[in-house]
Amino acid sequence: VAEKMVDSRPDSALLLLNKVENLGRLSDEWGAKYWLTTAAAHAATNQALSEDSAVTFALAFYEHQQPVDSAALRKARAYVSSYYWWTGQTKAAWKLMASSLEESRRMGNREEQLKYLHGIAELAFVENDLDEIERYVEAYLKMAGGDRNHADLLNNMALAYYFHGNDSAALATMERAVAYADTAADSAYVWRDVMRNYADLLITTGQVDRGIALQEQILRRGGLKTGAEKQ
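Being a predicted model, the structure only gives us computed values, none of them experimental.

Draft legend 1. Region of the structure containing the environment of Asp7. Along the chain, Asp7 turns up in the loop between α1 (2-5) and α2 (10-18). By relative accessible area, which is 71% here, Asp7 ends up exposed. Along the sequence, Asp7 and Ala40 sit 33 residues apart, while their C-alpha atoms lie 8.2 Å from each other.

The structure is reproduced here in structure tokens:
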């Protein structure tokens, strides 16, 4: 029952799962279902999966189950990679996401490909691996339809370029991040965070006048007056 409820009513699913007693008496099949559903419910309620180590048991079960339950196996891989993420095991998370991405590509599953491309890009940011950041961010944007509504990824990639000493690439990427500042769904985020980073980057790279002008534009947009306007 909890397995059927986890997508629409994850809180209720957790309540049912928590009532299960004598977990050690469950068969391997039912144990795998229990831990997989628990991890799914935690993810659906935006809880950290750092305590979901038992989901690795579910993955091991579905990897060896015959006939293969491909849907359960893909879910198990996704939640185990999330568990690795939450526990700081980035290399293990990366490896599992990469294998899952390749399987999603073979199946032609666009939704899963986007999820794994985004996840691997986030791991690349954690590892500060510029080559992988560029590879997976660009692949994600290409599949997702372009730069619009993805200023967060572009902002982070621009900062990665800057910290690796590539100022020209950082500025060019920041231009892409702010290109749809007034029309994108993430417009508020662009003006609140990305524009400020862009202004700081301009000043840091020697384009002081442009950076100050952008800071004044940000202030005006926020309803604040600059020093010159107050006078």
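Draft legend 2. Quick peek at the environment of Glu134. By the secondary structure assignment, Glu134 is in helix α8 (residues 130-144). For the pair Glu134 and Asn109, spaced 25 residues apart in the sequence, the C-alpha separation amounts to 22 Å.

Draft legend 3. Inspection of helix α5 (residues 70-86) at higher detail. Counted at 1.5 Å a residue, the expected span for α5 with its 17 residues is 24 Å, and the 24 Å between its end C-alpha atoms agrees. If you check which residues of α5 are buried, you get Ala72, Leu73, Arg74, Ala76, Arg77, Ala78, Val80, Ser81, Tyr83 and Tyr84. Looking at the buried residues of α5, the elements they touch are α3 (28-44), α4 (55-64), α6 (90-107) and α7 (110-127).

Draft legend 4. Local environment of unusual backbone geometry. Cis peptide bonds are those with omega within 30 degrees of zero, and the linkage from Gln66 to Pro67 qualifies with -5 degrees. As for its position among the elements, Pro67 is in the loop between α4 and α5. Of note, Asn22 is a non-glycine position whose phi angle comes to about 55 degrees, a positive value. If you trace the backbone, Asn22 turns up in the loop between α2 and α3. Asn22 sits in the partly exposed class, given a relative accessible area of 49%.

Calculation rules
Along every chain, residues carry numbers that run from 1 in the direction the sequence is written. Since the coordinates come from a predicted model, pLDDT governs what is reported: local features require at least 70, and pairs of side-chain atoms require 80 or more to be given and counted, while whole-chain, interface and lining totals use all residues. Excluding hydrogens and water, the side-chain figures rest on all heavy atoms present in the structure. Only DSSP runs of H or I covering at least 4 residues are called helices, and only runs of E covering at least 2 are called strands; the numbering of each starts at the N terminus. Note on exposure labels: buried denotes an accessible area under 20% of the residue type's maximum, exposed denotes more than 50%, and partly exposed covers the range between, all computed with a 1.4 Å probe on protein chains only. Here the expected length of a helix is defined as 1.5 Å per residue gap, with one fewer gap than residues. Any pair of residues with heavy atoms lying within 4.5 Å of one another is described as a contacting pair.

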